[in-house]
Amino acid sequence: TSSSMQIPDLTPILSSPVALGGIAYTGLVTTALALWFESIAFKRVPATDVSIILSTEPLFAAGLAALCLGETFGISDYVGAALIVGACVMAVLQDDGSHA
């Protein structure tokens, strides 16, 4: 066997209409369309709010994974979540202080 990296054979994927449809749906609908709607909505929201919404996205994903898939978390996951929430709280408090 060779130790060099090889490109896997993609022929089964490229010859499957179901796989190509899934790839197109994932790329166009769940990614591009969602980001387009996000960019339209975020034009109407202050930058601090946008940064808070985007930085809490992993928390919502983890929460839904726990609810829907039974995902469990370790200490490092809780520490990371606490850091995200803490940063969001600091951003809000600093933003409120700058408007006073």
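What you see is a predicted model; the values in this text were computed from it and never measured. (Residues numbered from 1 in each chain as written. Predicted model: local features only at pLDDT ≥ 70, side-chain atom pairs only at ≥ 80, totals over all residues. Heavy atoms only, no water.)

Let's shift gears to the packing of aromatic side chains. Counted under the stated rule, the structure contains 2 aromatic pairs. A ring pair is formed by Trp36 and Phe37, whose centres lie 5.2 Å apart and whose planes are at 45°; its orientation type is tilted. A ring pair is formed by Phe73 and Tyr78, whose centres lie 6.2 Å apart and whose planes are at 80°; its orientation type is edge-to-face. Assessed through its relative accessible area of 30%, Phe73 is described here as partly exposed. Residue classification places Tyr78 among the exposed positions, given a relative accessible area of 52%. (Phe/Tyr/Trp six-rings, centres within 6.5 Å; stacked < 30°, edge-to-face > 60°. Buried < 20%, exposed > 50% of the residue type's maximum accessible area, 1.4 Å probe, protein only.)

Further remarks concern helix α2 (residues 17-42). Taking 1.5 Å as the rise per residue, α2 with 26 residues should run 38 Å; its terminal C-alpha atoms sit 35 Å apart, in good agreement. Maximum bend of α2: about 30°, positioned at Tyr25. (Helix = DSSP H or I, 4+ residues; strand = E, 2+ residues; numbered from the N terminus. Expected span 1.5 Å × (residues − 1). Bend = angle between axes of the 7 residues up to and from the residue.)

Confidence in the prediction of the chain, expressed as mean pLDDT, is 89, and 93% of residues score 70 or more. Put simply, helix α3 (residues 47-55) is where the chain has its lowest mean pLDDT, 86, and helix α4 (residues 57-69) is where it has its highest, 94. (pLDDT = per-residue confidence, 0-100.)

Let us now look at the layout of surface pockets. Estimates place the volume of the largest pocket at around 170 Å³. In terms of lining residues, the largest pocket is bounded by Pro58, Leu59, Ala62, Gly63, Phe73, Asp77, Tyr78, Ala81 and Ile84. Listing elements by their share of the lining of the largest pocket, those giving two or more residues are α4 and α5 (75-98). (1 Å grid on protein atoms, 1.4 Å probe; cavity = no way out; pocket = protein on both sides within 12 Å on 5 of 7 lines; lining within 4 Å. Points joined across faces, edges and corners; volume = space filled by probe spheres on them.)

Further remarks concern α4. Helix length check: α4, at 13 residues, gives a terminal C-alpha distance of 17 Å against a target of 18 Å (1.5 Å per residue), a fit within 8%. Following α4 by one or two positions, Gly70 adopts a phi angle in the positive range, close to 75°.

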